[in-house]
Protein chains: 2
Amino acid sequence: MFLPNLKSLKDALKCIEDNQKVLGTEKIFLKDAHKRVLAEKIVSSHDFPPFDKSTRDGFAINSKDTLDISESNPKSFKIIDFIGAGFFSGKTLSNYEAIEISTEAPIPSGADAIIMKEDVSVNGDEVKLFSKVSSDDFIYKKGKDIKKREIILQKNTLIDFQEIGLIASAGYNEVEVYKKPKIKLFVTGSELVQPSKTLEKAKIMNSNQFTISSLIKNSGAIVEVEHIKDDFDSLVDSINQATKEFDAIITTGGTAISKKDLIFDVVNSIGKVLFRGVDIRPGKLFVCGIVNDTMVFNFSGSPVAAITQYDIFARKYIFKMEGVDFYLNFVERELLFDFSSKLGVVDFSRFIADDDYVIKMVKHSSDATSSLIDANYMFIDKNIEKCKKGDLVKVLFFNSMTW
Amino acid sequence: MFLPNLKSLKDALKCIEDNQKVLGTEKIFLKDAHKRVLAEKIVSSHDFPPFDKSTRDGFAINSKDTLDISESNPKSFKIIDFIGAGFFSGKTLSNYEAIEISTEAPIPSGADAIIMKEDVSVNGDEVKLFSKVSSDDFIYKKGKDIKKREIILQKNTLIDFQEIGLIASAGYNEVEVYKKPKIKLFVTGSELVQPSKTLEKAKIMNSNQFTISSLIKNSGAIVEVEHIKDDFDSLVDSINQATKEFDAIITTGGTAISKKDLIFDVVNSIGKVLFRGVDIRPGKLFVCGIVNDTMVFNFSGSPVAAITQYDIFARKYIFKMEGVDFYLNFVERELLFDFSSKLGVVDFSRFIADDDYVIKMVKHSSDATSSLIDANYMFIDKNIEKCKKGDLVKVLFFNSMTW
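The shown structure was predicted, so the numbers you read here are calculated from the model rather than taken from an experiment.

Novice: I'm lost on the overall build of chain A in this one. Help?
Specialist: Across its full length, chain A carries 6 helices and 28 strands. Its C-alpha atoms give chain A a radius of gyration of 31 Å, clearly above 22 Å, the size a compact globule of 403 residues would have. Considering only C-alpha atoms, chain A reaches an extent of 95 × 50 × 45 Å along its principal axes. For chain A, with 403 residues in total, the buried portion stands at 58%. Once local pairs closer than 6 in sequence are excluded, the contacts in chain A between residues at least 24 apart make up 70%.

Novice: Explanation requested: the packing of aromatic side chains in the structure shown.
Specialist: For any pair of aromatic rings, the description rests on two quantities: the centre-to-centre distance and the angle between the ring planes. All names here are of chain A. The tally for this structure, following the rule as stated, stands at 28 aromatic pairs over all chains. Seen in terms of ring centroids, Phe 348 and Tyr 377 are 5.9 Å apart; in terms of plane orientation they differ by 85°. Their pairing is edge-to-face. You can see Phe 348 sitting in strand β24 (residues 346-353) and its partner Tyr 377 sitting in strand β26 (residues 376-380), a full 29 residues away along the chain. Of the two residues, Phe 348 and Tyr 377, neither departs from the other in class, the shared state being buried.

Novice: In this structure, what is going on with the sheet that holds strand β9 (residues 126-129) of chain A? I would like to understand it.
Specialist: Strand-to-strand pairing in sheets goes through backbone hydrogen bonds, with the strands running parallel or antiparallel. Residue and element names in this part refer to chain A. Taking strand neighbours across the sheet as the criterion, the 6 strands line up as β7-β4-β6-β5-β9-β8 in an open arrangement whose pairing is mixed. Lying at the two open borders of the sheet, with one neighbouring strand each, are β7 (113-116) and β8 (120-123). On average, each strand axis in the sheet is tilted by 40° relative to the strand beside it, whichever way the strands run. In the sheet, β8 pairs with β9 via 4 bridges, with the strands oriented antiparallel.

Novice: Would you mind going over the pattern of salt bridges with me for this structure?
Specialist: Note on pairing: side chains with opposite charge can pair once their charged atoms come close. All names here are of chain A. Scanning the model with the defined rule gives 34 salt bridges over all chains in all. One salt bridge connects Asp 136 with Lys 141, and the closest N-O pair in it is separated by 3.4 Å. By relative accessible area, which is 37% here, Asp 136 ends up partly exposed. The exposure class of Lys 141 is partly exposed, given its relative accessible area of 36%. If you follow the salt bridges from partner to partner, you end up with Asp 52, Asp 136 and Lys 141 in one network.

Novice: What is the right way to look at unusual backbone geometry in this model?
Specialist: In most cases, non-glycine residues show a negative phi, while peptide bonds are predominantly trans. Put simply, Phe 48 of chain A and Pro 49 of chain A share a cis peptide bond, and its omega is -5°. As for its position among the elements, Pro 49 of chain A is in the loop between β2 (42-43) and β3 (53-54). Following Arg 281 of chain B, the chain continues into Pro 282 of chain B via a peptide bond in cis, with omega recorded as -5°. When you line up the elements, Pro 282 of chain B lands in the loop between β19 (280-281) and β20 (287-291). At Asn 156 of chain B, a residue that is not glycine, the phi angle is positive and equals roughly 75°. Structurally, Asn 156 of chain B is set in the loop between β11 (151-153) and α2 (161-169).

Novice: Honestly, a negative patch on the surface in this entry has me stumped. Any pointers?
Specialist: All names here are of chain A. Among the surface-exposed residues, Glu 334, Asp 338, Asp 354, Asp 356 and Asp 391 lie close enough to one another that they form a single negatively charged patch. Assignment of secondary structure puts Asp 356 in the loop between β24 and β25 (357-361). The partly exposed category is assigned to Asp 356, whose relative accessible area is 48%.

Novice: Mind showing me how you'd approach the interface of chain B and chain A here?
Specialist: For an interface, size is often stated in terms of accessible area lost upon the parts coming together. Across the contact, 85 residues belong to chain B and 84 residues belong to chain A. Carbon and sulfur atoms make up 62% of the surface buried where chain B meets chain A, a total of about 7,300 Å² over both sides. Contact with chain A buries surface across chain B, with Phe 161, Lys 197 and Phe 210 of chain B losing the most and accounting together for 9% of the total. For the interface between chain B and chain A, the tally reads 8 residue pairs in polar contact (both at pLDDT 80 or more).

Novice: What's the story with the relation of the copies chain B and chain A in this structure? I'm lost.
Specialist: Turning one copy of the chain about an axis and sliding it along that axis gives the other copy, so a rotation and a shift relate them. For these two chains of identical sequence, chain B goes onto chain A by a turn of 180° and a shift of 0.0 Å along the axis, with RMSD 0.0 Å. On this basis, the relationship between the two copies can be described by a two-fold rotation axis.

Novice: I would appreciate a short explanation of helix α3 (residues 208-218) of chain B in the present structure.
Specialist: Since one α-helical turn is 3.6 residues long, residues separated by three or four positions face the same way. Burial analysis of α3 of chain B places 10 of its 11 residues in the buried class, which makes it a mostly covered element. Within α3 of chain B, burial applies to Asn 208, Gln 209, Phe 210, Thr 211, Ile 212, Ser 213, Ser 214, Leu 215, Ile 216 and Asn 218 of chain B. Tucked inside the fold, the buried residues of α3 of chain B contact α2 (161-169) of chain A together with β13 (182-188), β16 (222-228), β17 (248-252), β21 (294-299) and α6 (303-321) of chain B. Looking one or two places after α3 of chain B, you find Gly 220 of chain B, whose phi comes out positive at around 80°.

Novice: Got a minute to help me understand a nonpolar patch on the surface in this structure?
Specialist: Residues Leu 336, Tyr 357 and Ile 359 of chain A make up a contiguous nonpolar surface patch of about 230 Å² in total accessible area. Along the chain, Leu 336 of chain A turns up in the loop between β22 (331-335) and β23 (339-340).

Novice: Sorry if this is basic, but what is going on with the pairing of strand β24 (residues 346-353) of chain B here?
Specialist: Consecutive residues of a regular strand have side chains that alternate between opposite faces of the sheet. Residues and elements named next belong to chain B. Burial within β24 is extensive, with 8 of its 8 residues counted as buried. Side chains Val 346, Phe 348, Arg 350 and Ile 352 of β24 all project onto a buried face; the interleaved residues Asp 347, Ser 349, Phe 351 and Ala 353 project onto the opposite face, where all are buried too. Judged from the 2 bridges that link them, β19 and β24 form a sheet pairing that is parallel. Counterpart to Ile 280 in the pairing with β24 is Val 346. Here β24 pairs with strand β26 (residues 376-380) via 5 bridges, running antiparallel. Paired with Asp 347 across the strands is Ile 380, a residue of β26.

Novice: What's the story with the state of the cysteines in this structure? I'm lost.
Specialist: Formally, a disulfide is one covalent bond, and it connects the sulfur atom of one cysteine to the sulfur atom of another. Summed over the entire model, instances satisfying the criterion amount to 0 disulfides over all chains. Free of any disulfide, Cys 15 of chain B has its nearest cysteine sulfur in Cys 288 of chain B, 6.1 Å distant.

Novice: Which parts of the structure should I look at to understand the environment of Ile 384 of chain B?
Specialist: Residue and element names in this part refer to chain B. Of note, Ile 384 is situated in the loop between β26 and β27 (386-387). Distance in space between the C-alpha atoms of Ile 384 and Ser 341 is 6.8 Å, their sequence separation being 43 residues. Contacts of Ile 384, omitting those with residues within four sequence positions, involve Ser 341, Lys 342 and Leu 343.

Novice: I'm lost on the nonpolar core in this one. Help?
Specialist: Taken as a class, soluble globular proteins show a tendency for nonpolar side chains to be buried jointly. Within the largest apolar cluster, 66 residues are counted, with the highest numbers of intra-cluster contacts made by Ile 212, Ile 250 and Phe 297 of chain A together with Val 175 of chain B. When residues in this core are grouped by element, the largest group, 10 residues, is from helix α6 (residues 303-321) of chain A. With residues near it in sequence (within four places) discarded, Ile 250 of chain A still touches Ile 183, Lys 184, Leu 185, Phe 186, Ile 212, Ile 216, Phe 297, Phe 299, Tyr 310, Ala 314 and Ile 318 of chain A. Counting 65 residues, the second largest nonpolar core, distinct from the first, contains Ile 159 and Tyr 172 of chain A together with Ala 221 and Ala 248 of chain B.

Novice: Can you help me understand the sheet that holds β13 of chain B in this one?
Specialist: Residues and elements named next belong to chain B. Strand order across the open sheet formed by 6 strands is β16-β13-β17-β21-β20-β18, with mixed pairing between neighbours. Two strands bound the open sheet, and with one partner strand each, they are β16 and β18 (272-276). The mean inter-strand angle of the sheet, taken between neighbouring strand axes irrespective of direction, is 20°. In terms of strand pairing, β20 meets β21 through 5 bridges, oriented antiparallel. Across the sheet, the residue bridging to Cys 288 is Phe 297, located in β21. Lying on the sheet, helix α4 (residues 232-245) is in contact with β13, β16, β17, β20 and β21; it crosses β13 at an angle near 165°.

Basis of the calculations
Residues numbered from 1 in each chain as written. Chains lettered and ligands numbered in written order. Predicted model: local features only at pLDDT ≥ 70, side-chain atom pairs only at ≥ 80, totals over all residues. Heavy atoms only, no water. Helix = DSSP H or I, 4+ residues; strand = E, 2+ residues; numbered from the N terminus. Rg over C-alpha atoms; globule rule 2.2 N^0.38 Å. Buried < 20%, exposed > 50% of the residue type's maximum accessible area, 1.4 Å probe, protein only. Contact = heavy atoms within 4.5 Å. Phe/Tyr/Trp six-rings, centres within 6.5 Å; stacked < 30°, edge-to-face > 60°. Pairing = 2+ DSSP bridges. Axes fitted to C-alpha atoms, helices over the stretch in contact; angles between N-to-C directions. Salt bridge = Lys/Arg side-chain N within 4 Å of Asp/Glu carboxyl O. Patch = residues over 30% accessible without salt bridge, like charges linked within 9 Å, V, L, I, M, F, W, Y side chains within 5 Å. Areas by Shrake-Rupley, 256 points an atom, 1.4 Å probe, with all protein chains shown as cover. Lys, Arg positive; Asp, Glu negative; His and termini not counted. Charge placed at Lys NZ, Arg CZ, Asp CG, Glu CD. Buried area = accessible area lost by both parts, 1.4 Å probe. Polar contact = N/O pair within 3.5 Å; in protein donor to acceptor, adjacent residues only side chain to side chain. Least-squares fit on C-alpha atoms with pLDDT ≥ 70 in both. Disulfide = S-S within 2.5 Å. Core = buried A, V, L, I, M, F, W, Y, C linked by side-chain atoms within 4.5 Å.

Remember that the coordinates give geometry; whether it matters functionally is a separate question.
Listed below in structure tokens is the structure:
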């Protein structure tokens, strides 16, 4: 019997986890840190804001001077200075004095409130107020957003637009980040040819190199693709060489037992096969091994099986190499039809799902790349044979897996 | 009164739409097309698969020869050839003949079914079958996935991992895509300095250059950042020059009325201001203009206001420049607390929301960059003053807006 000892999904994931490698770190400029992963915690060098500042264009005054002001009892203040954003005033307010101030500028000494430009009238160096103001009006207090020495981001945080702004505010012009994983993708298969408008008999357009390299890019890693011949000796040379230059190797094709499928034998001869075959569908024919301390994932040649193998096994490994924990983020949806699964196999079939329901199946062949457009995974565990209309099932949205 | 004529959100979006520019196209290699946008429809050059092919390693046979085979009545077939993936056989099966075949290889003449390797026993050039098979077993029929001349992807589709595989299968080694928008980001404000562990009095760390440029990258565009002084003449020169080299211009700061805020005046003097001020919060102080036929978005200096302005106005414009329609994808969530909004203002405040609920507010100052971590927008329309616990409200998830 072929593949008598299929590894369970859980054991396969554990086995990969036990062989996880985490990359080193490097210091880069913050401007280059978008979508990189922090390898240090971020501690604020400053209070933020660093001083009490105005949140409006207007006039800095002392609220005590305004206690008896009303529409019918306005009062004039003498304008003694102007503070633009980025500047400060050396002056201190005395009674019934005001300093004109811009948004973002620091509150001058003696002032405790801002009145907005549109609420006053100005005549020469006098400003007339028609209402009283309260202490702290339109003042954003020093340290309100972030306190000096506060830890504002933890190590292993992915840096997107929100985080990069915070890191800047904390005073970092450079950050320590994990190196980007470099992945070698070997596409095997004598039947595969480059996309072309003409096609020789028995040949198939090579789509795996494009889908899998896009998935690798979506995981924040760098990919180099090479199409190699199904020849034992050249496979040995190519894989050995790649272990010296890359952080992990992915191959597609060559996982089945046949005269022309050799990758298992190659890994077995120059390294250690961790397991061969997993109890999932599609993607059963998945081989995982270590060559020269480098992880080698052998995906199926069938496009959808290869994508599923990437989603379940390789993405988690690649994320973790660059410091990020990744989990398959299942959500529950109600099934709108009956569905039969195969006992003993964890099913990751493709279905159309929305915010509430799993609506319908897509074409099921693992060759059907077109089955992936608008589809998502439905997860049926291996002890489940039938799902009925109305059941809650687990769904994995493709877009929950992008970097 | 300052800004007497706030543009309504709807009118502001319409005004930007009326001035939408769409970029030209270019032909690139498919390997470089990840996350680009199709500027042509994709028509398959071939049936896919291009021939009836085997989906298993095994033996191609004629199912009629197996009608009376059973466990107790096995039958031997003569193996007359082997077909590896990428090859084909010139031979035609006669009665009780079999051809060994690999997954992906084309079905030979005279065969109509595959029996899996693990279900037979082989002895020299004889293969013994123990069960009957049905016509089409383990055969994936020509054109089942895609038919020749079928339109498989429409123009204006974003190319991710699923699409790129389909385009390859359709026979395209090059594709026509929209050019990537080149955006110039001018950050203004004398108060802004580069991130550093020390900070001069009245100065503020420049975080906008990092947040806004990350948002631009998340929209698939190219960004070049420049910090410019708040000086009328140099602003005129810089903006004029940028209109020659970039597809759109974004500035931050300089939208309020103050002695040091000049961008409105600059756009007004060398181009046309489309509108100044929108009835949203945060982000009211948004100026939009055209200079030398190039869109200029003037964002607030306050980080959160600037991000909100990007999310609501600029992202849609940038997506559309490269061929993609973008809509704010609101979902409904139940509110877990009472909330007061301001009449006459469309509220885009930041809240923590999950799959079911809006759970709590975050800090509300538009300076509080930290309020963006884990937050999402809650949308409260301008005719709503109070939302109560239990109400369904509209939520906009940040992660629904990435490229």
